[in-house]
Amino acid sequence: MKKLRVLSLLLALLTITPILSGCHGARKTSAFVIPEVFDYETPVEISFWAKNDTNINQTRIYEKAIEDFCALYPNIKVNLKLYTDYTRIYNDVITNIPTETTPNVCITYPDHIATYITGDNTVVALDTLFSDEKYGLGGSELKFDGVQKDEIIPKFLGECKIGTTHYALPYMRSTEACYVNKTYVEKLGYTLPETLTWDFIFKVAEAATEKDENGNFKVNGQKVMIPIIYKSTDNMMIQMLKQKNAGYSDARGNILLFNELTRDILKTVAIHAKTGAFSTFKISSYPANFLNAGQCIFAIDSTAGATWMGTNAPLSDISEDKLADFETEVMSIPQYDPENPVMISQGPSVCIFNKRDPQQVLASWLFAQYLLTNDVQVSYSSTEGYIPVTSKAQESDEYKDYLSREGEDNNHYYSIKLKAAKLLIENTDNTFVTPVFNGSAALRNAAGQLVESVTKSVRRKENVDEEYLDKLFADTISLYRLDSLSRNSNEKLEFGKLPAGAKVLIGALLLAWAGILAYLLAEKVRKKKK
Amino acid sequence: MKKLFALMLALVMLASLVACGATEGETSDVESDTVNEEVVSDTVADEADEVKVMTYAEYEAAEIDSPVVVETYVQAKQSWWEDKATIYTQSEDGAYFIYEMPCSKEEYDALVPGTKIRVNGYKAEWAGEVEIVDATYEVLEGSFIPEAKDVTALLASDELIKSQNQLVAFKGMTVEASKDADGNDVAFLYKWDGSGQDGDDLYFNVSVDGNTYTFTVESYLCDNTTDVYAAVKALNIGDKIDMEGFLYWYEGVNPHITAVSAAE
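Small disclaimer: the values here were computed from a predicted structure and weren't measured.

(A) Spotlight on the overall build of chain A. When you go through chain A residue by residue, the secondary structure sums to 20 helices and 16 strands. In chain A, the proportion of contacts linking residues at least 24 apart, taken out of those at least 6 apart, comes to 73%.

The structure is reproduced here in structure tokens:
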């Protein structure tokens, strides 16, 4: 009898266990567990999806990093795939998650990782790896001079954290800068302030739209002049809101973008788009091309685009006969409160995708760490207006020497590029990032789309008024499915009716427990009677 | 009693398995933020109703940012990306580049060369390329495939832009050296500065009448499995070649080449 009871209990446990755990186990990939030792013998192949800024020097640095790394770890082969667009990487990763064909190591943005990690253990959580004695940051078994955790600039490392977990390492950092045709500003009778303000650039821009009797712009004598061109309008909106202390989103995933201050910003955009003082990359083309042709005064773009800016820029998409001769000033983006400047922190981070073979994941981690070594950090950051993400690299003699040689030539030491890098070094404490959550990438796109839509509409002679903005907000929320993301934290969540299957399951569970209790009760009564 | 209990447990187990099965399907895909970025707040359709179908001359005369309606024929498709199609089209009197026109993959597949479409959109200019954006379209009866127009003699002329976006031919041009990253003379580059890889756009220089031009094999239009991609990779400096392609513009003429052969 006792045996039968034990058997019944076991049967009950066996039956209930899948009920309790069932819904969380489907198709789950096991979380990565660090192997005791790295296998230096068995060949392992990893893929590295990277982004470059159509810059041959960056390609070379990636290739050299791979070569140097593989010389240290001869059994590891790294296959490089290059992109020039983060969005393409993101879309390719998303496509490859269901088929488990994601890359091993990938250049990415935390906003994108927030989507990737909605899959089971898709991206490797790095905190345990960070602190692993042998293979962690600065670990004892590394075959290179790895970086210690406290040598990664804390602010940049913090940007790779989603919730309480690090899912990436920072790789490079940049911000946005305003590349100014100082010659034209002064020709228009203005003097550049120490810190640009939105009021100032709009004022100068409006002055620059004045034409002569032949229809040429007075300031440049050409038929084309777009005084302000913004490359990334998502950043524009995000930074303007931040500067105004206005809502955008919060860490809980609440969407705060559609507010009164956003309306005010869009009305300002409309005013200056209408006069032709303002346009965007998506509408007109690269700010650098217009700036270098003397057809733009304030070109706002990433510091990682600095090598394209200015009369003597080493990289250019326009023919030499179109180049204008002018003095370029590199300044922080315009501010509402110049006493308290704020600007975006951006730039690539690197994440590792989980795989069935832990040795492959460990190889990926070793390579990701290798990207933070001084050689890679200093050489890659100097290809553009990036800065290294480690204090170890920033404080190295090599990097200090590089910064000290501003303007020595128009290539490696191109003054605009070095000024852009210094701008970020001086303003690291003034940078910010937006909260990361599943959907934050869509919200970012929506923020930019608001600026793009208003600018286009005004150019098409549509009236941008409150009614227009109401519709624009509603359409944008719907288009980017923000209504399904946004919820007010004070509101009670409404889940709707339970599906029929769930009702049956709950009913069956209750019935089973009732049966068990009834059985136990009956047994107890029977015992008492005996 | 025990039999009933066992039956209940079996039923519960069955229900749990069914529930798990459903979960698997629901959680297998990662949610994508990718959305169809059709431009919001446009009133293309409303405004286009008021605009009659334009001739190419009327289109050419229309201001940038104005609504346009044209009837044209698909000649080639560059890409379908996030539910938007970028296509090269041409009618009997001129050509139109349609940029990121919303359509499903099924609709995109149906847009075979020769298909006649009416396009409502806005005229735009991006880095010198005149195009139709924020467009909608409908398929019409009819078909047209033009002969490639020889514009070799117009290359250095201001007249060339009048043939923008058309299917054109270049005859008897000479492959000139491009400089790779190490300063070596090469016949072509992956990407404009050689920073790319196989599969990326190919850039190569060709000359005629003492002027050198940069032509491109656009990898979205002709990827690395196409004959033209292989033909350009096989070029040598000094080769005399004939080419066909679409007269695209990027900060100056930048044809998207679709065929290369030895000069006749």
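(B) Structural detail: the domain arrangement of chain B. Residue and element names in this part refer to chain B. We note that the domain assignment places domain 1 (44–143) and domain 2 (149–262) within chain B. On a C-alpha basis, the centres of domain 1 and domain 2 stand 25 Å from each other. Elements with a minimum of two residues in the side of domain 1 that touches domain 2: strand 1 (67–81), strand 2 (84–91), strand 3 (94–102) and strand 5 (129–143). Broken down by element, the residue count for the side of domain 1 that touches domain 2 peaks at 4 residues, all from strand 1.

(C) Fine view of the sheet that holds strand 10 (residues 278–280) of chain A. All names here are of chain A. What the 5 strands build is an open sheet, ordered 10-9-11-8-12; its pairing is mixed. At either margin of the open sheet sits one strand with a lone partner, and together these are strand 10 and strand 12 (328–332). Along the sheet, successive strands turn relative to each other by an average axial angle of 25°, direction set aside. Sheet topology places strand 9 (residues 228–230) next to strand 10; 3 bridges connect them, and they run parallel. Opposite I229, over in strand 10, you have S279 as the bridge partner. Against the sheet, helix 17 (residues 415–427) engages strand 8 (176–181) and strand 12, with an angle of about 15° to strand 12.

(D) Local environment of the nonpolar core. Counting residues in hydrophobic clusters, the biggest one holds 143 residues, and the most contacted among them are A:A205, A:F298, A:A299, A:V350 and A:F367. The element that contributes the greatest number of residues to this core is helix 18 (residues 440–459) of chain A, accounting for 9 residues. When residues are assigned to domains, this core turns out to be shared by domain 1 (44–174 + 346–404) and domain 2 (176–343 + 436–484) of chain A, each giving three or more. Not counting residues within four places of it along the chain, the set of residues in contact with A:F367 comprises A:I46, A:F48, A:F69, A:V78 and A:V105. Within the second largest apolar cluster, 55 residues are counted, among which are B:A124, B:Y137, B:F170 and B:W249.

(E) Highlighting the environment of A:I387. Residues and elements named next belong to chain A. With respect to the helices and strands, I387 occurs in strand 15 (residues 387–388). Residues I387 and S174 lie 213 residues apart in sequence; the distance between their C-alpha atoms is 6.5 Å. Setting aside anything within four residues of it in sequence, one finds I387 in contact with R173, S381, Q394, A421, L424 and I425.

(F) Spatial organisation of the pairing of strand 11 (residues 202–208) of chain B. All names here are of chain B. In terms of burial, strand 11 is a largely internal element, 5 of the 7 residues being buried. In this structure, strand 7 (residues 167–176) lies alongside strand 11, joined through 3 bridges in antiparallel fashion. Paired with E176 across the bridge in strand 11 is N205. The pairing of strand 10 (residues 189–190) with strand 11 spans 2 bridges and is classified as antiparallel. Bridge pairing in strand 11 links L189 to Y203. Two strands pair when backbone bridges link them, and strand 11 and strand 12 (residues 211–217) are joined in this way by 7 bridges, in the antiparallel orientation. Of the residues in strand 12, the one forming a bridge with V208 is N211. From the end of strand 11 to the start of strand 12, which pair antiparallel, there are 2 residues, and D209 there has a positive phi angle of about 50°.

(G) Structural view of the pairing of strand 13 (residues 240–246) of chain B. Residues and elements named next belong to chain B. Along strand 13, 5 of the 7 residues are buried, which leaves the element largely enclosed by surrounding structure. Taken together, the 6 bridges between strand 7 and strand 13 define a ladder with antiparallel strand orientation. By the bridge assignment for strand 13, L167 is matched with F246. Across 6 bridges, the pairing between strand 13 and strand 14 (residues 256–262) is antiparallel.

(H) Helix 17 of chain A, seen in detail. Relative to the 18 Å expected for 13 residues at 1.5 Å per residue, helix 17 of chain A spans 18 Å between its end C-alpha atoms, a close match to the ideal helical length. Each element contacted by the buried residues of helix 17 of chain A is listed here: strand 7 (172–173), strand 8, strand 12, helix 14 (374–381), strand 15 and helix 16 (397–404) of chain A.

(I) Just the sheet that holds strand 3 (residues 105–108) of chain A, in detail. Residue and element names in this part refer to chain A. The strand order across the open sheet formed by 5 strands is 2-1-3-14-6, and the pairing between neighbours is mixed. Single-partner strands in this sheet number two, and they are strand 2 (76–83) and strand 6 (169–170). Two elements, strand 1 (residues 44–51) and strand 2, share 8 bridges in a ladder whose sense is parallel. Residue pairing across strands places F48 opposite L80, the latter belonging to strand 2. Most of the contacts of helix 13 (residues 358–370) go to strand 1, to which it runs at about 45°, and overall it touches strand 1, strand 2, strand 3, strand 6 and strand 14 (349–352).

(J) Region of interest: the packing of helix 9 (residues 233–243) of chain A against helix 18 of chain A. All names here are of chain A. Packing of helix 9 against helix 18 brings their axes to within 7 Å, and their N-to-C directions diverge by 95°. Taken as axis vectors, helix 9 and helix 18 run roughly perpendicular relative to one another. Contacts between helix 9 and helix 18 involve T233, D234, M236, M237 and I238 on the former and, on the latter, R444, N445, A447, G448, L450, V451 and E452. Considering only residue class, the contact of helix 9 with helix 18 consists of 6 nonpolar, 3 polar and 3 charged.

(K) Molecular detail of the domain arrangement of chain A. Here chain A is partitioned into domain 1 (44–174 + 346–404), domain 2 (176–343 + 436–484) and domain 3 (499–530). Between domain 2 of chain A and domain 3 of chain A, the C-alpha centre-to-centre distance is 68 Å.

Basis of the calculations
Residues numbered from 1 in each chain as written. Chains lettered and ligands numbered in written order. Predicted model: local features only at pLDDT ≥ 70, side-chain atom pairs only at ≥ 80, totals over all residues. Helix = DSSP H or I, 4+ residues; strand = E, 2+ residues; numbered from the N terminus. Contact = placed C-beta atoms within 7 Å. Domains from an automatic or database assignment. Pairing = 2+ DSSP bridges. Axes fitted to C-alpha atoms, helices over the stretch in contact; angles between N-to-C directions. Core = buried A, V, L, I, M, F, W, Y, C linked by C-beta atoms within 7 Å. Buried ≥ 20, exposed ≤ 12 C-beta atoms within 10 Å, placed from the backbone. Expected span 1.5 Å × (residues − 1). Parallel < 35°, antiparallel > 145°, perpendicular 65-115°, else oblique. Nonpolar A, V, L, I, M, F, W, Y, C, P; charged D, E, K, R; others polar.

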